[in-house]
Amino acid sequence: MSTTPHRSRPPRVVAARSPEPASAPPSGEQRRPGGERHSTVERFALGLFIVVPFLALLAAVPLAWGWGVSWLDLALLTVCYFVTCHGITVGFHRHFTHGAFKAGRRTRIALAVAGSMALEGPLVRWVADHRRHHRHSDAPGDPHSPWRYGESVPALLKGLWWAHTGWMFDAERTCARTYAPDLLDDPVLSRISRRFGLWATVSLTTPALVGGLATWSWQGALTAFFWGSLVRVALLHHVTWSINSLCHAVGKRPFRSRDRSANVWWLAVLSCGESWHNLHHADPTCARHGVDRLQLDSSARLIRLLELAGWVWDVRWPRGSRLDARRVPPTGAGTGPRNRREGEPVETA
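Every value quoted in this text rests on a predicted model; they were computed, and no experiment measured them.

1. So, the packing of helix 5 (residues 153-164) against helix 10 (residues 218-245)
- Look at helix 5 against helix 10: their axes get within 8 Å of each other, and the N-to-C directions meet at 130°. Classified by the angle between their axes, helix 5 and helix 10 sit oblique to one another. Like other packed secondary-structure pairs, helix 5 and helix 10 cross with a definite hand, here right-handed. Residues Leu160, Ala163 and His164 of helix 5 touch helix 10, and the partners they reach there are His238, Trp241, Ser242, Asn244 and Ser245.
- Considering only residue class, the contact of helix 5 with helix 10 consists of three nonpolar, five polar and no charged.

2. With respect to the pattern of salt bridges
- Within this structure, the stated rule accounts for eleven salt bridges.
- For Asp182, the salt bridge goes to Arg131, with nearest N and O atoms at 2.8 Å. Of this pair, Asp182 sits in helix 7 (residues 181-184) while Arg131 sits in helix 4 (residues 123-135), placing them 51 residues apart in sequence.

3. Some details on helix 3 (residues 105-116)
- The end-to-end C-alpha separation of helix 3 is 16 Å, in line with the 16 Å expected for twelve residues at 1.5 Å each.
- In this structure, the buried residues of helix 3 make contact with helix 2 (71-97), strand 1 (102-103), helix 4, helix 8 (187-194), helix 9 (196-215) and strand 2 (312-313).

4. Notes on the packing of aromatic side chains
- One pass over the structure, following the stated rule, counts four aromatic pairs.
- Ring centres of Tyr81 and Phe82 lie 5.0 Å apart, and the angle between their planes is 80°; this geometry places the pair in the edge-to-face category.
- Judged by centre distance (5.7 Å) and plane angle (65°), the ring pair of Phe92 and Trp126 falls under edge-to-face. Here Trp126 lies in helix 4 and Phe92 lies in helix 2, a separation of 34 residues in the sequence.
- The residue whose ring lies beneath Arg148 is Trp162, and the NZ or CZ to ring-centre distance is 4.1 Å.
- Geometry around Trp147 places Arg260 over its ring, the cationic atom sitting 4.0 Å from the centre.

5. Let's talk about the nonpolar core
- In terms of nonpolar packing, the biggest core is built from 40 residues, with Phe96, Phe101, Leu123 and Leu183 touching the most fellow members.
- Looking at this core, the elements with two or more residues in it are helix 2, helix 3, helix 4, helix 6 (176-179), helix 8, helix 10 and helix 12 (298-308).
- With six residues, helix 2 is the largest single contributor of residues to this core.
- Those residues within four positions of Leu123 in sequence are excluded, and the remaining contacts are Phe92, Phe96, Ala112, Leu183, Leu189 and Ser193.
- By size, the runner-up hydrophobic cluster in this structure holds six residues, among which are Leu279, Ala282, Cys286 and Leu323.

6. Section: the environment of His130
- Looking at the element boundaries, His130 is found in helix 4.
- Residue class for His130 comes out buried when judged on its relative accessible area of 8%.
- Distance from His130 to Tyr179, taken between C-alpha atoms, is 8.8 Å for residues 49 residues apart in sequence.
- Residue contacts for His130: discarding those within four places in its chain leaves His93, Thr97, His98 and His280.

7. Things to note about helix 10
- A rise of 1.5 Å per residue sets the reference length of helix 10, with its 28 residues, at 40 Å; its end C-alpha atoms lie 39 Å apart and thus fit the reference within 8%.
- When the local axis directions of helix 10 are compared, the greatest deviation, roughly 30°, occurs at Arg232.
- Where burial is concerned, most of helix 10 is hidden: 22 out of the 28 residues are buried.
- For helix 10, the capping residue at the N-terminal end is Ser217, with a side-chain oxygen 3.0 Å from the backbone nitrogen of Gly220.

8. A closer look at the packing of helix 2 against helix 9
- Remark: helix 2 packs on helix 9, axes separated minimally by 11 Å, with the N-to-C direction vectors making an angle of 150°. Here helix 2 lies roughly antiparallel to helix 9, going by the angle between them. Our pair here, helix 2 against helix 9, has a crossing hand that is right-handed. Within the contact between the two elements, helix 2 uses Leu72, Leu76 and Cys80 and helix 9 uses Pro207, Val210, Gly211, Ala214 and Thr215.
- Grouping the amino acids of the contact of helix 2 with helix 9 by side-chain chemistry returns six nonpolar, two polar and no charged.

9. Brief notes about a nonpolar patch on the surface
- Side chains of Leu209, Leu213 and Trp216 sit close together on the surface and give an oily, nonpolar patch of about 420 Å² of accessible area.
- Position of Leu213 among the secondary structure elements: in helix 9.
- For Leu213, a relative accessible area of 52% gives the class exposed.

Conventions we followed
Residues numbered from 1 in each chain as written. Predicted model: local features only at pLDDT ≥ 70, side-chain atom pairs only at ≥ 80, totals over all residues. Heavy atoms only, no water. Axes fitted to C-alpha atoms, helices over the stretch in contact; angles between N-to-C directions. Helix = DSSP H or I, 4+ residues; strand = E, 2+ residues; numbered from the N terminus. Parallel < 35°, antiparallel > 145°, perpendicular 65-115°, else oblique. Left-handed = near helix turned anticlockwise from the far one by under 90°. Contact = heavy atoms within 4.5 Å. Nonpolar A, V, L, I, M, F, W, Y, C, P; charged D, E, K, R; others polar. Salt bridge = Lys/Arg side-chain N within 4 Å of Asp/Glu carboxyl O. Expected span 1.5 Å × (residues − 1). Phe/Tyr/Trp six-rings, centres within 6.5 Å; stacked < 30°, edge-to-face > 60°. Lys NZ or Arg CZ within 6 Å of the ring centre and 35° of its normal. Core = buried A, V, L, I, M, F, W, Y, C linked by side-chain atoms within 4.5 Å. Buried < 20%, exposed > 50% of the residue type's maximum accessible area, 1.4 Å probe, protein only. Bend = angle between axes of the 7 residues up to and from the residue. Polar contact = N/O pair within 3.5 Å; in protein donor to acceptor, adjacent residues only side chain to side chain. Patch = residues over 30% accessible without salt bridge, like charges linked within 9 Å, V, L, I, M, F, W, Y side chains within 5 Å. Areas by Shrake-Rupley, 256 points an atom, 1.4 Å probe, with all protein chains shown as cover.

Structure representation (structure tokens):
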């Protein structure tokens with residue numbers, strides 16, 4: 001695990017039953033009955049959404065080895081994966097959560113639907129959880145910090161499980177009115193969020209429909225459902241959850257942040273650039289996370305294409321002065337700007 005000697009460690013999360021400080025919970029976070037707690041039915045449904053695709057992912061390797069996989073199924077898996085992944089990274093995360101750019105109504109609706117089809121939860125709940133994570137990152141109140149139980153190896157292993165999956169089964173729910181009032185007050189976006197079940201159904205059935213029509217067989221529909229729906233959803237889930245767990249426990253930290261966010265390079269392609277997580281926490285509203293050379297960030301590329309098409313604007317691209325102010329200088333180096341004029345923009349995408 002890479003550590004940075006130039007800054008002190010952020011406060012670690014103490015072992016506690018409640019993720020919020022008991023003495024002074026943030027406004028709107030008090031435990032309340034009804035809407036602020038996950039019901040048993042919700043947690044059961046969540047378990048199905050996690051377990052069933054995961055079992056398909058486990059079965060994918062022996063099935064591909066023994067019977068192979070068709071080009072159609074691979075194409076459906078790839079296309080559906082990156083459409084829904086960018087719905088999360090560009091839509092749910094960089095736009096709706098952090099306001100990294102502005103977009104027209106049709107673009108916002110398309111991003112909201114694409115993100116919902118990733119099956120990571122309704123838009124409003126996803127954004128509320130993530131904004132809460134940034135407010136309390138790796139400190140008491142963070143809904144999914146891997147340092148929740150301490151810094152020993154057993155505590156970290158327990159914390160990694162919590163950050164990866166366990167936190168979603170917690171009975172307490174983030175207060176959407178506190179963390180996502182803008183989305184709740186938008187009638188179109190709140191309606192999209194409430195209809196999460198519809199988008200989940202469309203997401204799961206579309207590959208089967210395409211596979212069945214393309215092959216004109218039930219077998220084609222079944223294999224397309226297996227690869228394009230179940231395996232795709234499980235793979236995307238665990239890549240996304242790895243940003244919560246691994247990217248706050250291991251990796252490099254070239255930028256100063258108040259938490260333990262880090263870059264994990266080998267997740268960059270599958271996470272569509274989200275695993276360049278250190279810069280994101282150092283500058284959360286930046287539209288590009290992979291800002292250094294050879295740091296692939298397909299989400300930033302897509303935002304750039306949308307900007308060129310005129311569908312998004314006021315994009316918060318990284319600027320040299322902001323990056324230099326946040327960058328950890330090499331050992332023995334100064335803290336001033338490095339090889340760039342003050343205010344000079346870096347490559348946007």
